[in-house]
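Chain by chain, the residues run as shown.
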Amino acid sequence: MTQNRRIYGGRGLRSNRVIWTLFFALIFSLAGQAQIEKMSADEILKEANLLLMEGQAVDAIPYLENYLERAKDSEDARVLSMAQDVRFKLGTVYIQQKNLFAANTQLETYTQLRPAPKWNEAMKLLSTGLFEVGDFEACVRVTTNALSGLPADVRAKLEGDAAEAAEEEAKRIERKDIPYGYIENEYGELVKKPKGTEDVVDADPFAYTVADLLVLNMTLGNAYIELGSDELALVPFTYVIEHTDNSIHKGYAIMQVVNGLIEKKDFEELTQWIPKLYRTDARYDIRVNMALLNAAMALFEAKEYDSALPLYRMILPREELINYQSVRMWEMKLEAEMITPDQVPVEYRSQMDETLFGKKYSLVPVEEFWSEQERDDPDYNKPKELLELEALVEALRNLPPYEQEVLYRSAYLYDDVDRPWEAVRFFDRVHQAAPESLIGKRSFYELIRVLLDPLEQRAEAEERGFAYLDANNAGMTPRQIAYLLTGFYQKHDLMPDIKTLLPYLEGFEPTSDPSIRKYDCELYYMQAVADLVMLEYKVALAAFQKVLDEFPQSHQQEGATYWHAATLMFLQEYEAALPELEAYVKVYPNGEWIAPALFQSGTCLFGLEQYTNAFDRFTVVIDTYPDAKVFPDACSLRGDIYGSWGELDLAVADYRQAIASAHTHAQDKYATFQMAATFELENKFDQILQVVNDYMDRHGDDADIAEGIFWIGKTKVNQGLIDEAVQAYFDAIVQYGVDLEQGGVDSMIAELVNLARVKMTATQRDQLKSDLFSVISGSDSETLQLRIRAMIAQMNGTEIELGKQLIAELPDLGNAAPPVLSVIAKASFELADYSRAEEILDVFSEKFAESEFMRPAFRLRGVELFLAGDYDEALKLIADAQARYGTDYDAAWAQLMKGEICIKQARFDAARSNLTAVLNERNWRGVSYAEATYLLGQAEEAAGNPLKAHGWYQRVYVQYKGYDQGKWAADAYLGSARCLNQLGLTNDARNTWRAMLFDKYVNTLPQADQAKQALGEEETLEISQMIAAGMKTNIAVTVEQKEGE
Amino acid sequence: MKRIFLFWIAGVLLASSGFSAENPKAELYKKDGGAWRVFLIKNGGDEFTIRLDKSKVNRTIPVDEIERMNIQHPEYDEALIQQRFNAADYASVITALEPVVAPVADYMGVPNNLQDAFGLLMNAYYWNGDRAKARAAALKLKITQDQALKLSALNIQALTSLATGNLTDAEAVLGEISDPAAKLYLRACLQQANQQPETAIQTAVELIANHPNDMLWMPLTELLCANLYLDMGRTNSAIATARQTEKFYAGTSIGKEAQALRETLEKSE
């Protein structure tokens, strides 16, 4: 209670004290006012000046105001002059009191009335005053007036006064006899003029000083900015940049100029202006850096890449900036004596020594920036510059990271201007710095992209790309990386490599994000295309179907639809392909593949022997799509139909059209030689020679010389000009045979060998051989000699012998032409000597990649890899071989080996699929069918299906017993007996062995020994005797019946 | 007769001392605060042979006692020569500077007023293709205490070694350099000489990334990048890099070199 009373009592007492204070102030004020009124004007001025000198500016205000009130109607010059002086003083007092509105009123009046000897100073104060109160338009008006110079009347008056004063001074000096070079000091003593001052003549003593101009320009620039006129601010801020020593002011002005130029979109000026900063410390200014960042981005957006790049380079990393400014802040604290040197953190001391030596910045004296208000602030003893800098550093710390953005954009710029290595390493830096960020992931994508294209740095791209895929399976980036790698492989025709990505695709975390699903769709689509190119038609078919099923209505819907149909056609499943192709044509009448779809549908009809419909379809293509890539093909196939109808002239016309419109050499070649074949039907030999020669002229060295000479030779043969044909081949071989790279020569050799066998007499053959031996002995060319030796060996049927000889003879295969290499490969295969398999294939790959003679080399190397158990490499080689030779007769081994590898790898479904594909290929009928069927038996046996295996084995020894000297049948008998034993059908197994021994195709082969061993000597002898007696078993009879079927 | 003999003796002494009126004159400031006006007679490695202006006797002074020298030289327009250098007019720089600095080339290891000019002459020799002269100048200048000049001299030494296939010497120079940007630049040059353009350009890019505002090494490095792209057979990239180098360093000799390279490549396309 006592406490409360004391409190309330205290409060009451304090309130009363305030009221009494105010009361007395009012009384004194009124009393003072009354007292001023009683004073004369001179007394008022005297009192005001006294108060101002004593620093009591507030007390001087009533006197000054009173004086102005009294003088307002006066026209006396002296009074007017005094009033102006009072008005100026009053203005400055109001400024000190922060009463800016009153100050501005007084100063504006001062500048409008005359005399105004302090017009410059008043305008400067008015300029800043107006800015401070936010009257920016007035500020601009006043400041631009100030900068345009003194009004003429003010200048005239000042000049007059100055001249008068100078005259007075001269008289005074004359009177006092002051010698030249001396002046009077403030005590009236004669002293020497300070050195350097006597001859200085100010150009304009009434103009603003540089310091004043800096204030005015800074104010004007800021006012323009406030009014949104950034462009107009450029001139005043440029003045500040060029003249100020204050680094903070300079930095601020630079920032404003940069922003102004960006606003103005004056990139040329910006580009020329900013690099000057390279050589100044202004680039360490935080605001300058932010301005540079803005400028660089503006230039980047405007695609002014050459200008943006140097700016990005100039932007300093945040830590570097903070470090630099931290040093400065410690220096400022030292200068302001806020701290002692030992309080500076150790890490900054060494840097301070450097910067303090020949200090790069200017410090404004502390006192200049102190005010009463600031003294209440905890930071009151900090210099204003330090406070500003602290605020800037704090703002910088709070800024989102910008360094990675700068690096990323720099990388982008390098990439754009075709400096790919710079781009790669910059993208890499961004990724390394922030691998999980969005920009880090994007950079990784760009890194791999540039490595692959244009740099083609496959090794690094794969190493990093696959490492990334191993570690990441979710989101967009892994898909993008897989996409880049796939694209690269596709571009370089590395289809098997595309397939290495499939497991990664299958491991990607599923998502419903449409943009990611689009990538998935594209990736699976590319996989399907790779399968197609690798002739894995069934796999491709399933892959396109997957795209259609799992990504309905995707961006690849049309492509997948077409290629699914086209793949069916490649599988020669014309009946299935046709409706799909026709559906494509219906759904996509303007589709990307409309012309090929129409053409392929025609091909299907052709395959289905619906020639009229096919003819119509080709005609649609020819009439509607003259620019399509399939146009020449359509012409050729329609020509073939005309040919089959006996419309040979029309056929020739189509072939001519095909040749004229051919997009590829293959199209031209096909039409050319089909036309030759057509002419051949009519024995138009001259036309054949004409069309073939035209073709060879058109393509020169790129022409298929072998085919051309073949036709020329063949025509001459048809004309009965065997000798000419032989001579043509012979001459061409001798002429071009010395050149290892003339692949056509090797085809001619094959033709000449054939001609010798078929058309020549023994005498002619001997003559030819003799001529060939002469060439060997007369030539220095090892290449030609080897070619001819290979040719003679072919004629004699001694290729294997020659091959064996050459294996020993040729340690270096450098001069061996394709037929020679082929002979060596065949001999090696015969000898089961795989020691040079890799070397031979390498020579082919490097020198004769397109040679037809390469086939045995592929097989030799394939078998070597297979036997070595290097299945991955073997599969790659098979893919390569199949991409080249497809379903050619002698390429069946590749498909068979693929199936066999699958068996070894226990991938039985794949084995079945691969081996069944052999049986579905008509080109591979014969021994390959036998082997495929046997291998299917092996697959089933290995898969634990002895019954199915037995079925396949039985099919071999029933259907293909004579193939390969009975090898497959013999193996199949043994396999079959094995399976029957496994099934517990021992009697059937025994019968199988018996049948084997009765089978004349196999009973003398080494495999028959196993049957003999199983049956025992007695039963074997019995069978021998029965065979000798001309007896046949039931099984054998059955077999013969089936063969007959 | 005696007088004639004395003149003869003086002549012999002067001749044997190596003194002649052609000897350069200099103000020599010593570390102990003293200063002499001298004729420079000979650089003996650790000491200079000099003759005081008013003396007739040669004396030696250890080099490490000399703080700096102000060498008397024919007048030359420094700004104009720098301008010519920037315009890649190296021949005229050489013509203008050789009479000024060549006579005092032996004294360039000691701080003096002609060191900058000598550095400029050394670089002019190099870019003008006078590799031997450039190298000789570099070997004289590289002992200076001025770090920028020393670095420039070492750079020229290394580059001339590379140009003559002396990779061992270039490697050795690389070991003498501590400036990280300079090290990267020279390493890239060395890799280029070793026919490793792809490795070299990655070293160069490291410099570009880490020292983007190094105005001494950046222009050289960007020009090097242009040449490395050319070595890789990437003419378009070489042109692009040369074009940017030309633009970024317009008004400098490297800018001019880049321009010449670009123009040559564009003509040959």
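## Remarks on the overall build of chain A
1) Next: If you tally the helices and strands in chain A, you get 55 helices and two strands.
2) Next: Relative to its 1045 residues, chain A shows a buried fraction of 48%.
3) Next: Excluding contacts between residues fewer than 6 apart, the proportion of contacts in chain A whose partners are at least 24 apart in sequence is 57%.
4) Next: Per element, the accessible surface of chain A, about 52,400 Å² overall, is 51% carbon and sulfur.

## A short note on the sheet that holds strand E2 (residues 35-43) of chain B
Residues and elements named next belong to chain B.
1) Next: Taking strand neighbours across the sheet as the criterion, the five strands line up as E4-E3-E2-E1-E5 in an open arrangement whose pairing is antiparallel. Of all strands in the sheet, those with a lone pairing partner are strand E4 (58-62) and strand E5 (66-71), marking the two edges. Sheet twist, expressed as the mean angle between neighbouring strand axes with direction ignored, is 45°.
2) Next: The pairing of strand E3 (residues 47-52) with E4 spans five bridges and is antiparallel.

## Concerning the packing of aromatic side chains
1) Next: Applying the stated rule across the entire model yields 41 aromatic pairs over all chains.
2) Next: With a centroid separation of 6.3 Å and 75° between ring planes, the pair formed by Trp563(A) and Trp593(A) is classed as edge-to-face. In this pair, Trp563(A) is assigned in helix H29 (residues 557-570) and Trp593(A) in the loop between helix H30 (574-587) and helix H31 (594-607), connecting sequence segments 30 residues apart.
3) Next: Ring pairs connect the aromatic residues Tyr562(A), Trp563(A), Tyr584(A), Tyr588(A) and Trp593(A), which therefore count as one cluster.
4) Next: Across from the ring centre of Trp36(B), 5.4 Å away, lies the NZ or CZ of Arg59(B), which sits over that ring.
5) Next: A cation over a ring is seen here: Arg68(B) above Tyr29(B), with NZ or CZ 4.0 Å from the ring centre.

## Here's the deal with the pattern of salt bridges
Side chains bearing opposite charge may pair, as long as their charged atoms lie close to each other.
All names here are of chain A.
1) Next: If you walk through the whole model with that rule in mind, you get 65 salt bridges over all chains.
2) Next: Here Arg464 ties to Asp428 by a salt bridge, and the two come within 2.8 Å at their closest N and O atoms. One end of the pair, Arg464, is in helix H23 (residues 458-471); the other, Asp428, is in helix H21 (residues 420-433), with 36 residues separating them in the sequence. The same class applies to Arg464 and to Asp428, which are both buried.
3) Next: Residue Glu462 pairs with Arg458 through a salt bridge whose shortest N-O separation is 2.9 Å.

## Structural notes on the side chain of Thr111(A)
1) Next: By secondary structure assignment, the location of Thr111(A) is in helix H5 (residues 100-112).
2) Next: In this structure Thr111(A) touches Trp119(A), Ala122(A), Met123(A) and Leu126(A), once residues within four positions along its chain are discounted.

## Observations concerning the interface of chain A and chain B
1) Next: Chain A puts 23 residues into the contact, and the matching count from chain B is 26 residues.
2) Next: Across the chain A to chain B interface the summed buried area is about 2,200 Å²; carbon plus sulfur atoms make up 50%.
3) Next: Of all residues in chain A, Asp306(A), Arg313(A) and Trp421(A) bury the most surface against chain B, accounting for 30% of the area lost on that side.
4) Next: Run the count over chain A and chain B and you get three salt bridges.
5) Next: Here Arg419(A) ties to Glu222(B) by a salt bridge, and the two come within 2.8 Å at their closest N and O atoms.
6) Next: If you look at where chain A meets chain B, you find 15 residue pairs in polar contact (both at pLDDT 80 or more).
7) Next: Tallied by class, residues from the side of chain A that touches chain B come to twelve nonpolar, two polar and nine charged.

## Some remarks on helix H19 (residues 384-398) of chain A
All names here are of chain A.
1) Next: In this model H19 runs 21 Å from its N-terminal to its C-terminal C-alpha over 15 residues, within 8% of the 21 Å that 1.5 Å per residue would give.
2) Next: Listed in full, the buried residues belonging to H19 are Glu385, Leu386, Leu389, Leu392, Val393 and Leu396. Looking straight down H19, one finds its buried side chains confined to an arc of 125°; they lie on one side.
3) Next: Tucked inside the fold, the buried residues of H19 contact helix H11 (247-264), helix H13 (286-301) and helix H15 (318-335).

## Re the environment of Trp893(A)
Residues and elements named next belong to chain A.
1) Next: Mapping Trp893 onto the fold places it in helix H47 (residues 892-904).
2) Next: Exposure remark for Trp893: the relative accessible area of 10% places this residue in the buried category.
3) Next: Spatially, the C-alpha atom of Trp893 lies 9.0 Å from that of Ile878, the residues being 15 residues apart in sequence.
4) Next: Setting aside anything within four residues of it in sequence, one finds Trp893 in contact with Phe858, Arg859, Gly862, Leu877, Ile878 and Ala881.

Reading the values: rules and limits
- Residues numbered from 1 in each chain as written.
- Chains lettered and ligands numbered in written order.
- Predicted model: local features only at pLDDT ≥ 70, side-chain atom pairs only at ≥ 80, totals over all residues.
- Heavy atoms only, no water.
- Helix = DSSP H or I, 4+ residues; strand = E, 2+ residues; numbered from the N terminus.
- Buried < 20%, exposed > 50% of the residue type's maximum accessible area, 1.4 Å probe, protein only.
- Contact = heavy atoms within 4.5 Å.
- Areas by Shrake-Rupley, 256 points an atom, 1.4 Å probe, with all protein chains shown as cover.
- Pairing = 2+ DSSP bridges.
- Axes fitted to C-alpha atoms, helices over the stretch in contact; angles between N-to-C directions.
- Phe/Tyr/Trp six-rings, centres within 6.5 Å; stacked < 30°, edge-to-face > 60°.
- Lys NZ or Arg CZ within 6 Å of the ring centre and 35° of its normal.
- Salt bridge = Lys/Arg side-chain N within 4 Å of Asp/Glu carboxyl O.
- Buried area = accessible area lost by both parts, 1.4 Å probe.
- Polar contact = N/O pair within 3.5 Å; in protein donor to acceptor, adjacent residues only side chain to side chain.
- Nonpolar A, V, L, I, M, F, W, Y, C, P; charged D, E, K, R; others polar.
- Expected span 1.5 Å × (residues − 1).
- Arc of directions from axis to C-beta.

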